[in-house]
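# Reading the structure
The primary structure of each chain is shown beneath.
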Amino acid sequence: LAILRKAQYSDGSFPWWAGGKPSPYMTLYILAGFGNALEFKVAIPEDMCQKAWEYLEDFVKEEYQKIDWDKPPYVYPFLTYFNYVLSCYPESYYSESFSQEFRVEMANHCFSHWKELGPYLKAYLALTLKRMNRDQDARLIMASIMDGSITKEDQGTFWAAEDRSWLWYNDTIESHAFILRALQEVMPENKEQLDG
């Protein structure tokens, strides 16, 4: 925490390394880590997180709210992950920066493109929708993810590697692990697939 606090700039951003250029993507990644800790009841520095959300508010307004989301470059992969990270926090952490209306707008846009996402991002979207009380949409996406799985007696249930598995949102192992996590929250009754 001391290293992160020292690395955070006054505008709330984090660089890839201490003294480097501010990065909205690294800032979001650090917020994701804090959000995961918060979900498991680990105390996190609220002041650092709120400053980081304020920085990301400026980034999103500059980069995403001024463009047509349905024209290239397509933004739904980033917005899917972004909204998932927001879903890890109580609203008090980001309410000054992001309204529920904006979160719904992001969720609706990403849901309209859910079939174009790979399994990892689909799992992020399903979990976000579940946390936004859209259980039916979340279950639809999880069912699609499970339909794309492969089950073998000696290997259990898994997903085929994506074409560009070197991309962060296509990583085979992280995809598998996160899909299991999402399945536990979205479809906890699905024991057979969790045990497979």
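Reference entry: report on the structure contained in this document.

Reading the values: rules and limits
- Residues numbered from 1 in each chain as written.
- Predicted model: local features only at pLDDT ≥ 70, side-chain atom pairs only at ≥ 80, totals over all residues.
- Heavy atoms only, no water.
- Helix = DSSP H or I, 4+ residues; strand = E, 2+ residues; numbered from the N terminus.
- Rg over C-alpha atoms; globule rule 2.2 N^0.38 Å.
- Buried < 20%, exposed > 50% of the residue type's maximum accessible area, 1.4 Å probe, protein only.
- Contact = heavy atoms within 4.5 Å.
- Salt bridge = Lys/Arg side-chain N within 4 Å of Asp/Glu carboxyl O.

### Examining the overall build of the chain
Scanning the chain for helices and strands turns up nine helices and four strands. Ordered by position from the N terminus, the helices and strands of the chain form the series α-β-β-α-α-α-α-α-α-β-β-α-α. Radius of gyration (C-alpha) of the chain: 17 Å, near the 16 Å computed for a compact globule of 196 residues. Projected onto its principal axes, the C-alpha positions of the chain cover 55 × 40 × 30 Å. Evaluated residue by residue, the chain yields a buried proportion of 48% over its 196 residues. Sequence-distant contacts, at least 24 apart, represent 62% of the contacts inside the chain between residues at least 6 apart.

### Things to note about the pattern of salt bridges
As enumerated under the stated definition, the model contains eight salt bridges in all. One salt bridge in this structure joins Lys-61 and Glu-57, with 2.9 Å as the shortest N-O distance. Placement of the pair is Lys-61 and Glu-57 together in helix H3 (residues 46–63), with a separation of four residues, close to one helical turn. Looking at Lys-61, the relative accessible area reads 39%, which means it is partly exposed. Each member of the salt-bridge network shares a partner with another, and the members are Glu-39, Arg-131, Arg-181 and Glu-185.

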